Amino acid sequence: MSIWWSLHLRREAASVSLARRLLLGTMETAGVDPDISFDLSVALSEACANAVEHGGGGGVPDETEAYHVTAYLDGDCCRIEVTDSGPGFPPATVARRRPALAEHGRGLHLIAELSDHVRFRNRPGRGAVVSFDKVLKWRDDALLKAS
């Protein structure tokens, strides 16, 4: 079983809950274990909130600027990618597999803790990308369970 979707969202606070609800609804329909769904939805919320706050040219949210969310449920894995057009991650964040816990960047640390694999990368002159994945567990009554 494979499901994927992609969103083009305005950099405004309401977009964070929209992305989260779509992910939760997809996972509920597919039959993913609620604890796994919750972890991924929190991680997605953090990634989207970072894109809203930091993902534009001037660092101030602007409704005309957008960010992108893509989610893949493929077999027993879910991979999520959030891409923005901001200044990118600090070099120290990109160089580490797990970000250091500091006053700023707690959301990135939370994403890393809630997922199995995470990658922070910059697209020079075009923004930042955070991608993370997690192995899925299924409810006993899952209709779309991977075989």
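Residues numbered from 1 in each chain as written. Predicted model: local features only at pLDDT ≥ 70, side-chain atom pairs only at ≥ 80, totals over all residues. Heavy atoms only, no water.

Per an unreviewed UniProt entry, the recorded name for the protein is ATP-binding protein, and the organism is Streptomyces erythrochromogenes.

Quick look at the pattern of salt bridges
Overall, the coordinates contain 6 salt bridges when judged by the stated rule. In this structure, the salt-bridge partner of E81 is R79, at a minimum N-O distance of 3.9 Å. A single salt-bridge network, built from bridges that share partners, covers E28, R139 and D141. (Salt bridge = Lys/Arg side-chain N within 4 Å of Asp/Glu carboxyl O.)

As for the packing of helix α1 (residues 14-30) against helix α2 (residues 34-54)
Where α1 contacts α2, the two axes come as close as 9 Å, and the packing angle between them is 155 degrees. One finds that α1 runs roughly antiparallel with respect to α2. The crossing of α1 and α2 is right-handed. Counted together, S15, V16, A19, R20, L23, L24 and M27 of α1 and S37, F38, L40, S41, V42, L44, S45, C48, A49 and V52 of α2 form the full contact between these two elements. By residue class, the composition of the contact of α1 with α2 is 12 nonpolar, 4 polar and 1 charged. (Axes fitted to C-alpha atoms, helices over the stretch in contact; angles between N-to-C directions. Helix = DSSP H or I, 4+ residues; strand = E, 2+ residues; numbered from the N terminus. Parallel < 35°, antiparallel > 145°, perpendicular 65-115°, else oblique. Left-handed = near helix turned anticlockwise from the far one by under 90°. Contact = heavy atoms within 4.5 Å. Nonpolar A, V, L, I, M, F, W, Y, C, P; charged D, E, K, R; others polar.)

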